[in-house]
Amino acid sequence: MEVFKNIGGALIKNLGEYVMISDEEKAKIKEEIVNKVNSVLEKNNESFRLDKVNVLNKNETVKFMGNYRVYDRKNYNAVSREINNFLKQYGNVDIKSKKIRDSGMKFTAVSFNFEL
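Per chain, residue numbering runs from 1 following the sequence as it is written. Residue-level local features of this predicted model are given only where pLDDT is at least 70; pairs of side-chain atoms are given and counted only at 80 or more, and the full residue set underlies all totals for whole chains, interfaces and linings. Note that the side-chain values use all heavy atoms of the structure and ignore hydrogens as well as water.

J.: I would appreciate a short explanation of the overall build of the chain in the present structure.
T.: Within the chain, the secondary structure is distributed over two helices and seven strands. Runs of H or I in DSSP of at least four residues are treated as helices and runs of E of at least two as strands, each being numbered from the N terminus. Ordered by position from N to C terminus, the α and β elements of the chain give β-β-β-α-β-β-α-β-β. Taking contacts inside the chain between residues at least 6 apart in sequence as the whole, the part at least 24 apart equals 51%. Counting every atom, the chain has about 7,400 Å² of accessible surface; 45% of that belongs to carbon and sulfur. In what follows, residue pairs with any heavy atoms lying within 4.5 Å of each other are defined as contacts. Methods summary: accessible areas were calculated by the Shrake-Rupley approach with a probe of 1.4 Å, and residue burial reflects only the protein chains presented.

Right, dumping it as structure tokens:
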């Protein structure tokens, strides 16, 4: 009997110790993340858009990684809260942010990653 695990709306085949994710499921998860991050950024009138989420295939897991920018620091808390809550549906998410000042531009760079 095959056992499946529901992760972010995708049914993932559970093979005992680790979870096997098909290329279709990886693509679906990547698309969901890009769409959600961009909708939150757009809703908060941020100009940056996330174009892709990177995937690292490991022996027993798959790591999803991405980053985005928030230019208006007043928006940072609302934007990051909504995006972080969305990402947590995939499990334990590592999120790091750093305030950047580069050539007169100020923004907060946020990176995230999680493994399935």
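J.: Whenever I open this one, the sheet that holds strand β5 (residues 62-70) confuses me. Can you help?
T.: One key point about sheets: their strands pair by backbone hydrogen bonds, in either a parallel or an antiparallel sense. By this definition, two strands are paired if DSSP reports at least two bridges between them. With antiparallel pairing, the four strands of this open sheet are ordered in space as β4-β5-β7-β6. Of all the strands in the sheet, the pair left with one neighbour each is β4 (54-57) and β6 (93-102). Looking at each pair of strands side by side, their axes are set apart by 20° on average, direction ignored. Note that β6 and strand β7 (residues 105-115) share 10 bridges and pair antiparallel. Opposite Asp102, over in β7, you have Met105 as the bridge partner. Relative to the sheet, helix α1 (residues 23-43) contacts β4, β5 and β7, its axis offset from that of β5 by approximately 15°. What counts as an axis is a line fitted to C-alpha atoms, over the stretch in contact for a helix, and the angles between N-to-C directions run from 0 to 180 degrees.

J.: Explain the pattern of salt bridges here, please?
T.: A pair can form between side chains of opposite charge whenever their charged atoms are brought close. Note on definitions: salt bridges are taken to be side-chain nitrogens of Lys or Arg within 4 Å of carboxyl oxygens of Asp or Glu. Scanning the model with the defined rule gives five salt bridges in all. Residue Glu115 is joined to Lys58 by a salt bridge in which the shortest nitrogen-to-oxygen separation is 3.2 Å. Residue Glu115 is found in strand β7, and its partner Lys58 is found in the loop between β4 and β5; the two are separated by 57 residues along the sequence. Only protein chains enter the calculation, and the probe is 1.4 Å; a residue is then buried if its accessible area is under 20% of its type maximum, exposed if over 50%, and partly exposed in between. We classify Glu115 as partly exposed; its relative accessible area is 35%. With a relative accessible area of 40%, Lys58 lands in the partly exposed category. Each of Lys36, Lys43 and Glu82 takes part in a single network of salt bridges with overlapping partners.

J.: Where do I start with the packing of aromatic side chains in this structure?
T.: What describes a pair of aromatic rings is the distance from one ring centre to the other and the angle between the planes of the rings. Aromatic rings from Phe, Tyr and Trp, with only the six-membered ring used for Trp, were paired whenever their centres fell within 6.5 Å, and each pair was classed as stacked if the ring planes differed by under 30 degrees, edge-to-face if by over 60, and tilted otherwise. Inspection of every chain in the model, using the stated rule, returns four aromatic pairs. Measuring from ring centre to ring centre gives 5.2 Å for Phe64 and Phe114, while their planes differ by 15°; the resulting arrangement is stacked. With Phe64 in strand β5 and Phe114 in strand β7, this pair connects stretches of sequence that are 50 residues apart. Pair check on accessibility: Phe64 and Phe114 agree, each one buried. Measuring from ring centre to ring centre gives 5.0 Å for Tyr90 and Phe114, while their planes differ by 10°; the resulting arrangement is stacked.

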